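Read off the chains here:
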Amino acid sequence: MQWETVIGLEIHVQLATKSKIFSGSSTTFGAEPNTQASAVDLAMPGMLPVANEQAFRYAIMFGLAIDAEINKRSVFERKNYFYPDLPKGYQTTQLAEPIVGAGHVDVQLSDGSSKRIRIHHAHLEEDAGKSLHEDFHGMSGIDLNRAGTPLIEIVTEPDMRNSEEAVACARKLHAIVTSLGICDGEMAQGSMRFDVNVSVRPKGEDKLGTRTETKNLNSFRFMERAIKLEVERQIELIEDGGSVTQETRLYDGDKHFSRAMRSKEEANDYRYFPCPDLLPVVFDDDYIARIKADLPELPDNRQARFIEQYGLSLYDASILSAEANMASFFEAVVKACDDAKLAANWILGELSARLNSEEQSVSASKISAVQLAALIKRIKDNTLSSAGAKKVFEALWNGENNDVDAIIEANGLKQVSDTGALEKLVDEVLAGLPDQIAQYQEADEKKRKKLMGGFMGPLMKASKGQGNPKLFTEILIRKLGE
Amino acid sequence: MHNKTVAELSKGLAQKEFSSEELTSHFLNRIETLDGRYNSFITVCKEQALADARAADKKIQSGTATAWTGIPFAHKDIFCTQGVTTTCGSKMLANFRPPYDATVALKFKEQGAVCLGKTNMDEFAMGSSNESSYFGKVVNPWGDNLVPGGSSGGSASAVAARLTPAATATDTGGSIRQPAALCGITGLKPTYGRVSRLGMIAFASSLDQGGPMARTAEDAAMMLNVMAGFDPKDSTSLDNPVPDYTATLNQDIKGLRIGLPKEFFTSDLDSKMAGAIRAAIAELEKRGAILKEISLPHSALSVPAYYVIAPAECSANLSRFDGVRYGHRCDDPKDLMDLYMRSRSEGFGEEVKRRILIGTYALSAGYYDAYYRKAQQVRRLIKNDFTEAFADVDVIASPTSPSPAFGFGSKGDDPVKMYLEDIFTISTNLAGLPGMSIPAGEIDGLPIGLQLIGNYFDEGRLLNVAHQFQTVTDWHTKAPKGIS
């Protein structure tokens, strides 16, 4: 039987506000446990929440970016459950009246097509603290630094049909929130966490199959693998005569293995009700219009601009424009070297390869935009050959020296572009290769091109690799044609 | 000295008739010798009070005093006080010392007022008789076998017994007004949002409101001058200007329109109570007030609506008492569930558990629409009733409670009987309106209260009417037998 996969996503995005959503505590990641937890975050008796306007502003920015309806009135509710890292015994969240209503994102797929994924809504809520289960002699430690960090939870419609579409949607949302500057996008730190709802159904069937929810995936790679694993598991289960249980599952990315966490029967009744400590929040059109006017450039607009302004291909533009950090790195390089083509080639080539192999984002690049631009300038003014440029890149990356010119100097990578000197070398080399000259002169245009290599090798050797290959070629063509 | 009002004490301090230290010692001595009988205090801050009094005396000497500098008073033990045990009448918080002050506590500190201690109360402010405190029942100074009302029974009893000139209190369904009535003192529940709730331990967030308890309307006005005001740290606090509530006390009430809700004056009302209240209202009529019968058609629904909404909110508000971070924690928990179950089972009393259960039930899947949503709809109807009524009248008058103080255990095992104690007061909380109770007569030698309900932010008018009443009557000056 042919199966169709149906995927919906729920994405928790930590907002990059300075303080928490309902208290003045800092939200900086990585502080000593419980040093960023105030009396409000600890839910001490009598403490009250005060909503952080910046969190609303960020949520509205997101809503505008996905072309969603902004609900001018939104209401916080209490979601009741007991857990030690949830100090109040309820999470303050939105349910019936979320800040962001229905919207959509368009994603590019590898076959060149694009697909629209509908967003059901996005709501504001507070993050919980963390339970630490190691090093406490059988007990659990509670760190409430994260408790009260503002989140938007984005809920998509079940519009995705395979892991590629799901990952493309996740990447697009990552690109949007980082471009807006409302989230740092650091997935390894939990700044963006993905829950994946997966079900399968016979192809052609309208009714949705029973879904499972795999929680807290924190990388695109894990997300892709977890979906594939879950789809296989469900199909196998059904084909073996079983049925899928509605449950929450946990995926272990390192072991590539998932297990059931709790089933629907064990699910809590959260007893949502409007939080009486927080009144409904109401925004007027002006407020929203002002946010809209100040919206930074979005990935889709940036991609179009990169094609237009820099003459990039759709493919290059799509990659360079997706992430705000990458885009601004690219533009900084272009600005300093004035060559978009070379900048794009080097960033998508050498730099990306390096970053990928070290599993780093561009913000962790060991070569700055200024350095890369300096390198490109030396390619443009013929100081560096491409081989030499790679050596300089290597030296910069390894931190041997910070200055491009100093590296060129120290390693003798400067190309010789003195035409007189080069001509002399050409004459010397040609004098030792009479047979090859004859062969060349008898050959047609097409063959000649191939034969050029036979001269270039000895020439580069004679110039100790420093001769400008472009000039060598010009001189050769001229001399051989004589 | 203990029969003087706050206004008189303030004058006495300013004129250096006595020092704050003398005054404070006097009240501390009274608490020490007499409170064994009333149990109105949970904590007495003797050393701190004397130190604060000496500091106040210096301020008075240096001429930087305010009306409240050096005046002793007490806080209901629901207001968090930095470094001073704050129990909320519960075993759960028996050893809880907050590292912060409630906004209300801070405001009194800023004035240089002297906190004598923390008064007893029904556990988590849930009760109408002060029988549910973990620290023992409070006795009404009007009779050893009588309840003081609740939940602010400790504050009411302490003021009535002249153990403190005034005390803070809170009112969720009548917890200031009903004990004020039963103990023969003056109490005011302000408009919801008038007094900051920050640091006031929550029972039902949308209904809780702090307010003053004192012997006279003038003293209540002086207290409200300190307590009222916008607090940016309380999102339900309202940013309205605070008038000087003492400035309007002496306004003429000629032409004042007083509404008498026909639903409150039915044949069900005890005839002695009806007579006493009508006599009190007649005094206001003599001063030029005009009486009008009005209707609050949905008032019969206020008790059932309240007993859905308040427990629902409390069921969530009290979830934080889980034994994890502070408060009572059971010995040797086996696992997390055991920690939760035993800490909460041991830490909470019967009435608190009952309300958590009711609230949890009312919010549960499948019941929410029938209970919580319906109750909120009723709440809106009740609010609309008042809005309509206030189009025609300036204040609404009624009894504060159905009867004077009743005996311990007399409501038996039926919690609903106890809940009906608040039948006249609850609708005010549901609507968020200010309400007041003033001593207005006696039944069989026991004080009764006249309730005055005002429009939003009309506390000034309530205090004005109450003060005018108190200039021509002496019910508020009557002390329980044995107190002189």
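As a reminder, the structure under discussion sits directly above these lines.
Just so it is clear, the structure is predicted and the values come from calculations on it, not from any experiment. (Residues numbered from 1 in each chain as written. Chains lettered and ligands numbered in written order. Predicted model: local features only at pLDDT ≥ 70, side-chain atom pairs only at ≥ 80, totals over all residues. Heavy atoms only, no water.)

A separate point is the overall build of chain B. Regarding its fold elements, chain B presents 15 helices and 11 strands. Since a compact globule built from 484 residues should have a radius of gyration of about 23 Å, the 21 Å found for chain B is in line with a globular shape. For chain B, the spread of C-alpha atoms along the principal axes amounts to about 65 × 55 × 45 Å. Burial status across chain B gives 63% buried among its 484 residues. (Helix = DSSP H or I, 4+ residues; strand = E, 2+ residues; numbered from the N terminus. Rg over C-alpha atoms; globule rule 2.2 N^0.38 Å. Buried < 20%, exposed > 50% of the residue type's maximum accessible area, 1.4 Å probe, protein only.)

Taken together, the contact pairs 38 residues of chain B with 30 residues of chain A. With both chains or domains summed, chain B and chain A bury close to 2,700 Å², and 62% of this area falls on carbon and sulfur atoms. The largest per-residue losses of area from chain B upon contact with chain A belong to S235(B), R320(B) and R325(B), which jointly make up 22% of the total buried on that side. At the junction of chain B with chain A, the criterion picks out one salt bridge. Salt-bridge contacts for D277(A) lead to R197(B); the nearest nitrogen and oxygen are separated by 2.9 Å. At the boundary of chain B and chain A, one finds 13 residue pairs in polar contact (both at pLDDT 80 or more). Looking at the side of chain B that touches chain A, the elements with two or more residues in it are α9 (302-317), α10 (336-347) and α11 (350-363) of chain B. (Contact = heavy atoms within 4.5 Å. Buried area = accessible area lost by both parts, 1.4 Å probe. Salt bridge = Lys/Arg side-chain N within 4 Å of Asp/Glu carboxyl O. Polar contact = N/O pair within 3.5 Å; in protein donor to acceptor, adjacent residues only side chain to side chain.)

A contiguous patch of negative charge, built from E232(A), E236(A), E239(A) and D240(A), is present on the exposed surface. Among the structural elements, E239(A) can be located in helix α3 (residues 220-239). (Patch = residues over 30% accessible without salt bridge, like charges linked within 9 Å, V, L, I, M, F, W, Y side chains within 5 Å. Areas by Shrake-Rupley, 256 points an atom, 1.4 Å probe, with all protein chains shown as cover. Lys, Arg positive; Asp, Glu negative; His and termini not counted. Charge placed at Lys NZ, Arg CZ, Asp CG, Glu CD.)

Our next topic: the packing of aromatic side chains. Scanning all chains against the criterion turns up 33 aromatic pairs over all chains. A centroid spacing of 5.7 Å and a plane angle of 70° characterise the contact between Y81(A) and Y270(A), whose relative ring orientation is edge-to-face. On the criterion of sequence distance, the pair formed by Y81(A) in the loop between β3 (76-80) and β4 (90-94) and Y270(A) in the loop between β13 (257-263) and β14 (273-274) is long-range, its members being 189 residues apart. Among the residues examined, Y81(A) registers a relative accessible area of 22% and is labelled partly exposed. Overall, the relative accessible area of 22% leaves Y270(A) in the partly exposed class. Consider the rings of F273(A) and Y372(B), whose centres lie 5.5 Å apart with planes at 70°: the pair is edge-to-face. In this pair, F273(A) sits in strand β14 while Y372(B) sits in helix α12 (residues 369-389), so the two residues belong to two different chains. Taken as a pair, F273(A) and Y372(B) share a single burial class, namely buried. (Phe/Tyr/Trp six-rings, centres within 6.5 Å; stacked < 30°, edge-to-face > 60°.)

Here we come to the state of the cysteines. All names here are of chain B. Taken as a whole, this structure holds zero disulfides over all chains when the rule is applied. We note that C80 lacks a disulfide partner, and the nearest cysteine sulfur, in C88, lies 8.1 Å from it. C80 gets classed as buried once you look at its relative accessible area, which sits at 0%. This cysteine, C314, is not joined by any disulfide, and C88 carries the nearest cysteine sulfur, 11 Å off. Residue C314 is classed as buried on the basis of its relative accessible area of 0%. (Disulfide = S-S within 2.5 Å.)

All names here are of chain B. Across the interface, α9 lies against α11 with an axial gap of 7 Å and an inter-helix angle of 100°. Comparing the axis directions of α9 and α11 gives the class roughly perpendicular. In this structure, α9 contributes Y307, V308, P311, A312, C314 and S315 to the contact, and α11 contributes R355, I356, I358, G359, T360, A362 and L363. Residues belonging to the contact of α9 with α11 are distributed by class as follows: nine nonpolar, three polar and one charged. (Axes fitted to C-alpha atoms, helices over the stretch in contact; angles between N-to-C directions. Parallel < 35°, antiparallel > 145°, perpendicular 65-115°, else oblique. Nonpolar A, V, L, I, M, F, W, Y, C, P; charged D, E, K, R; others polar.)

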